[in-house]
Amino acid sequence: FTYHLPGHVYDRHDDEEVQRWETTTKPKLKRFWHEKDTVVLCADEMILTTETRLQKVWLPEGEFPKIICSTGGRKRRNLYGFLNLKTGVEHAFKTDFQTMYVTKEILEKVRAIYPQQKIVLFWDNAGWHKGSVVQEYIKQDGNIVQIPFPTYAPEENPQEHVWKQGRSEVANNRFIEDIDQATDELVTYFNETKFPYTLLGLSAVC
């Protein structure tokens, strides 16, 4: 036996759907991977709050520290993240909301980073991704290819692992007094760190 936290899976997760997605998507990804002027981005959003998140840490025997928790109401900030799968470079942005209007603005910032390249965008089916404003922007851009992840399968998205690593390194086991300062620290960590995570067997060599 080993002692560790169990994983979780959504009750509407469909293994057969995931398998079909992997089978049909891998050849496409390989083709895009070898296109010189094509950028492959895995995108997702996360929420940071002033609620203290406690995680297990290694401590000397006999020590039992306590982490201060906020009693001043929960504040929150949103982050949009785009992992460049070929390079391991992360592009993270702080926002107040997750809406199709905000998503369009963030996509414009991503396009400014990659002004000429084809962008292959892997992301889920969130409403703010599928909204008319976002879809119209993508249509007008003309050089963005969307590939949705299978439903209720966040484990397929490397960006989820980026979020987890950032929380572990920056946000967990701390009292967040200033939500903007904490979010800015998290964004800085993401944008200054490389993440060689894998999608369907392909990842950056960092």
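Quick note: structure is the one above.
Quantities reported herein were computed from a predicted structural model and do not represent experimental measurements.

A.B. asks: Is there a simple way to explain the side chain of Thr193 in this structure?
C.D. replies: The residue Thr193 is located in the segment after helix H6 (179-192) in this model. In this structure Thr193 comes out as buried when scored by relative accessible area, which is 18%. At a separation of 2.7 Å, a polar atom in the side chain of Thr193 contacts the main-chain carbonyl oxygen of Tyr189. In contact with Thr193, not counting residues within four places along its chain, are Gly88, Glu90 and Gln165.

A.B. asks: Explain the sheet that holds strand E3 (residues 90-95) here, please?
C.D. replies: Where strands meet in a sheet, backbone hydrogen bonds hold them as pairs that are either parallel or antiparallel. The mixed open sheet is built from 5 strands, whose spatial order is E3-E2-E1-E4-E5. At either end of the open sheet lies a strand with only one pairing partner, and these are E3 and strand E5 (144-148). Direction aside, neighbouring strands of the sheet carry axes that sit 25 degrees apart on average. Pairing between strand E1 (residues 38-49) and strand E4 (residues 118-123): 5 bridges, direction parallel. Along E4, the bridge assignment pairs Val40 with Val120. With respect to the sheet, helix H2 (residues 100-113) is in contact with E1, strand E2 (76-84), E3, E4 and E5, its orientation differing from that of E3 by roughly 145 degrees.

A.B. asks: Whenever I open this one, the packing of H2 against helix H4 (residues 132-141) confuses me. Can you help?
C.D. replies: The description of two helices packed together rests on the angle between their axes and the distance between the axes. The N-to-C vectors of H2 and H4 enclose an angle of 25 degrees; their axes lie 7 Å apart at closest approach. In terms of orientation, H2 lies roughly parallel with respect to H4. Judged by residue contacts, Met100, Tyr101, Thr103, Lys104, Leu107, Glu108 and Arg111 of H2 engage Ser132, Val133, Val134, Tyr137, Ile138 and Asp141 from H4. When its residues are assigned to classes, the contact of H2 with H4 shows 7 nonpolar, 2 polar and 4 charged.

A.B. asks: How should I be thinking about unusual backbone geometry in this particular structure?
C.D. replies: Residues apart from glycine generally show negative phi values, whereas peptide bonds are mostly found in trans. One non-glycine residue, Tyr152, lies in positive phi territory at about 55 degrees. Mapping Tyr152 onto the fold places it in the loop between E5 and helix H5 (158-171). The backbone of Leu200 sits at a positive phi, close to 50 degrees, despite the residue not being glycine. Along the chain, Leu200 falls in the segment after H6.

A.B. asks: Would you take a moment to explain H2 for this structure?
C.D. replies: Along an α-helix, residues three or four positions apart point the same way, because every turn accommodates 3.6 residues. Spanning 14 residues, H2 covers 20 Å between terminal C-alpha atoms, matching the ideal 20 Å at 1.5 Å per step. Regarding H2, the residues found buried are Val102, Thr103, Ile106, Leu107, Val110 and Arg111.

A.B. asks: Where do I start with the nonpolar core in this structure?
C.D. replies: As a rule of thumb, nonpolar side chains are buried together in soluble globular proteins. Counting residues in hydrophobic clusters, the biggest one holds 29 residues, and the most contacted among them are Leu29, Leu79, Phe122, Phe190 and Leu199. Taken together, the elements giving at least two residues each to this core come down to helix H1 (15-33), E1, E2, E4, H5 and H6. Broken down by element, this core gets its largest block of residues, 6 residues, from H6. For Leu29, the contacting residues outside a window of four places in its chain are Val40, Phe122, Leu199, Leu200 and Leu202. Among the nonpolar cores identified, the runner-up in size contains 18 residues, and Phe93, Val110, Leu121 and Ile144 belong to it.

Calculation rules
Residues numbered from 1 in each chain as written. Predicted model: local features only at pLDDT ≥ 70, side-chain atom pairs only at ≥ 80, totals over all residues. Heavy atoms only, no water. Helix = DSSP H or I, 4+ residues; strand = E, 2+ residues; numbered from the N terminus. Buried < 20%, exposed > 50% of the residue type's maximum accessible area, 1.4 Å probe, protein only. Polar contact = N/O pair within 3.5 Å; in protein donor to acceptor, adjacent residues only side chain to side chain. Contact = heavy atoms within 4.5 Å. Pairing = 2+ DSSP bridges. Axes fitted to C-alpha atoms, helices over the stretch in contact; angles between N-to-C directions. Parallel < 35°, antiparallel > 145°, perpendicular 65-115°, else oblique. Nonpolar A, V, L, I, M, F, W, Y, C, P; charged D, E, K, R; others polar. Expected span 1.5 Å × (residues − 1). Core = buried A, V, L, I, M, F, W, Y, C linked by side-chain atoms within 4.5 Å.

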